Amino acid sequence: MATAQENEKKILSFFRDIWSEANLDVVDQLLDPDFNFILSFAHIKDRESFKKLVQFNHQAFEKLTYHVDDEEGDVVADETKGAGFWRMTSKHVGMWRNIPGSNKEVEITGLSYFKFSPEGLITEVRVHNDVMGLMQQIGGIELVYAS
Amino acid sequence: MSTLQEKNKEVVRRYWFELWNEKKGEVLDEIALDPVTFHFPGGQAHQPPTLHKWFETALIAFPDVHFQLHEELAEGDKVVSRWSYVATNTGEFLGRPATQLKVTDQGIDIFRLEDGKIVEMWVAQDSLGLLQQLGVLPE
């Protein structure tokens, strides 16, 4: 079983190497093959599908970056689970949830909850991100909901 | 896990179960500083200034709100909760009249504690889904 400190490093790498750098080799190193990625509006059920999601989001959001501003304060972990508070910045340039690229610079925050296998691989990440805030910033509320 | 983390988890459980589920507003001063420093997402529908105000508003809009605590962890001075709730909108919320609709939401909170009291909270939940369920925005 991994230590809390090792799991905190994996959480930071999940945000920085996988999400910000789109380094898909790190997906194979950090995630269990049966990894689950659960959002309030979607459930991605394996590692390969998750790689496609990362690639898709990098096409829709230019310079997609997940910031963990306070390594000490914003990441919490024990031997089997963890959580991270993050801030995402990017430019919305491609279709996302039926909203065409708006060329708007966006910034939202969110929290992710991690579970680790006995071998120390990430088996599940549940994400609560500010979809409402993102929709407001890219004009999605007016476009999709008020039309 | 050290005694401090176990004690902090107990305080946060009182927040979910005694305050929110049993509606004991009087425990607030025992478990939290006033005011708590909040970190709300920019798009969160309801951003109350204090926990007292949050509790008061929620009891008007969703008096039967009931939380379930799905997961928790504690490390250092932090406690993390993954939660969900069900509630019926029987009073005014965000300036809108009661809808009588039953809604559910889920989220993750990080609590920071000092001397056995909640002093800071980071909150993430699904505001878009809540507003859709209440009919403020279409599904």
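Residues numbered from 1 in each chain as written. Chains lettered and ligands numbered in written order. Predicted model: local features only at pLDDT ≥ 70, side-chain atom pairs only at ≥ 80, totals over all residues. Heavy atoms only, no water.

With an unreviewed UniProt entry as reference, chain B is termed Ester cyclase, source organism Arundinibacter roseus.

The name recorded for chain A in an unreviewed UniProt entry is Ester cyclase, from Arundinibacter roseus.

Comments concerning the overall build of chain B
Definition in use: By the criteria applied, helices consist of DSSP H or I runs no shorter than four residues and strands consist of E runs no shorter than two, each listed in order from the N terminus. Our radius of gyration looks at C-alpha atoms and nothing else; its globule reference is 2.2 Å times the residue count to the power 0.38. Accessible area is worked out with a 1.4 Å probe on protein chains only. A residue is then buried under 20% of its type maximum, exposed over 50%, and partly exposed in between. Only heavy atoms enter the contact rule, under which two residues are in contact if any of them lie within 4.5 Å. With residues, only the protein chains shown are counted as cover, and all accessible areas are computed by Shrake-Rupley using a 1.4 Å probe. The sign given to each residue is positive for Lys and Arg and negative for Asp and Glu; His and the chain ends receive no count. Taken as the charge location is NZ of Lys, CZ of Arg, CG of Asp or CD of Glu.
Of regular secondary structure, chain B possesses four helices and five strands. Of the regular secondary structure in chain B, the N- to C-terminal order runs α-α-β-α-β-β-β-β-α. Its C-alpha atoms give chain B a radius of gyration of 15 Å, near enough to 14 Å, the size a compact globule of 139 residues would have. Seen through its C-alpha atoms, chain B measures out along the principal axes to roughly 45 × 30 × 25 Å. Sorting the 139 residues of chain B into buried and exposed places 54% on the buried side. Sequence separation of 24 or more characterises 58% of the internal contacts of chain B that already satisfy a separation of 6 or more. Summed over its atoms, the accessible surface of chain B is roughly 6,200 Å², and 51% of this surface lies on carbon and sulfur atoms. The average position of the 13 basic charges and that of the 22 acidic charges among the side chains of chain B differ by 2 Å.

Description of the sheet that holds strand β4 (residues 102–114) of chain B
Residue and element names in this part refer to chain B. We apply this condition: In this description, strands pair whenever DSSP reports at least two bridges between them. Where helices are involved, their axes are fitted lines through C-alpha atoms of the stretch in contact, as for all axes, and angles between N-to-C directions lie from 0 to 180°.
In spatial order, the strands read β1-β5-β4-β3-β2; together these five strands make up an open sheet with mixed pairing. Unpaired on one side and paired on the other, β1 (32–39) and β2 (66–75) mark the two borders of the sheet. When strand polarity is set aside, the average angle formed by the axes of neighbouring strands in this sheet is 25°. Across nine bridges, the pairing between β2 and strand β3 (residues 78–88) is antiparallel. Bridge pairing in β3 places Phe67 opposite Tyr85. Most of the contacts of helix α3 (residues 51–61) go to β1, to which it runs at about 80°, and overall it touches β1, β3 and β5 (117–125).

Focus: the environment of A:Val93
Residue and element names in this part refer to chain A. Mapped onto the elements of the fold, Val93 is located in the loop between β5 (81–92) and β6 (104–116). On the basis of relative accessibility, which here comes to 31%, the residue Val93 falls in the partly exposed class. Placed 18 residues apart in sequence, Val93 and Leu111 show a C-alpha to C-alpha distance of 24 Å. Apart from the residues within four sequence positions on either side, Val93 is in contact with Gln59, Ala60, Phe61, Glu62, Gly101 and Asn103.

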